[in-house]
Amino acid sequence: MTSNKPYLIRAFYDWILDNELTPYIAVDANYPNVMVPEQYIEDGQIILNISPASLGAISMAGEVIEFSARFGGKVEHLYVPFEAVGAIYARENGVGSSFSVDYPEADADGIEEVEAVKPEKKGKPSLSIVK
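Computed from a predicted model, the values in this text were never measured in an experiment. (Residues numbered from 1 in each chain as written. Predicted model: local features only at pLDDT ≥ 70, side-chain atom pairs only at ≥ 80, totals over all residues. Heavy atoms only, no water.)

Caption draft 1: Representation of the packing of aromatic side chains. Under the criterion given, the structure shown has four aromatic pairs. Here Phe12 and Trp15 contribute two aromatic rings whose centre-to-centre distance is 5.9 Å and whose plane-to-plane angle is 80°, an arrangement assigned as edge-to-face. Here the residue Phe12 and the residue Trp15 both occupy positions in helix H1 (residues 5-18), the gap between them amounting to three residues, near one helical turn. A relative accessible area of 22% means that Phe12 is categorised as partly exposed. Each ring, one from Tyr40 and one from Phe71, has its centre 5.2 Å from the other, and the planes form 45°; the classification is tilted. (Phe/Tyr/Trp six-rings, centres within 6.5 Å; stacked < 30°, edge-to-face > 60°. Helix = DSSP H or I, 4+ residues; strand = E, 2+ residues; numbered from the N terminus. Buried < 20%, exposed > 50% of the residue type's maximum accessible area, 1.4 Å probe, protein only.)

Printed below as a string of structure tokens:
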């Protein structure tokens, strides 16, 4: 099965907005393919205000959150895989949810490892989920 994390984050985002609060996300800035302004990263993490009032347009389609925002007066394009999000919460009261950030496994060449599907010796053929 695919990860339920993107669905949960989108649901919490909508719920926070429906309650007229400000959605913030905590992002692991060291996660692969995260693009955020480096000067605002603290202890490997960045907290981002993702309310529509503070952004241009936001896209939460597929496996990433993508938007543009101003940092120090400069417009930056941000790219955050859902798997890099450690929490989403309302700024005003802290209500939301936290998530584990699981890094993809990589070999020495930086290529993601894929488990081999081993055929069973006896019985009917079967399929295994490969992540």
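Caption draft 2: Structural detail: the pattern of salt bridges. Enumeration according to the criterion identifies two salt bridges in this entry. Across the pair Lys74 and Glu76 runs a salt bridge, and its minimum N-O distance is 3.9 Å. Lys74 gets classed as exposed once you look at its relative accessible area, which sits at 52%. For Arg91, the salt bridge is made with Glu92, and the minimal N-O distance between the two is 3.2 Å. On the basis of relative accessible area, Arg91 is assigned to the partly exposed category, the value being 49%. (Salt bridge = Lys/Arg side-chain N within 4 Å of Asp/Glu carboxyl O.)

Caption draft 3: Structural view of unusual backbone geometry. Positive phi, normally seen in glycine, also occurs at Glu20, with a value near 55°. Overall, the relative accessible area of 72% leaves Glu20 in the exposed class. Located in the positive-phi region is Asp43, a residue other than glycine, with phi close to 55°. When you line up the elements, Asp43 lands in the loop between strand S1 (23-28) and strand S2 (45-49). Classification of Asp43 by relative accessible area gives exposed; the value is 83%.

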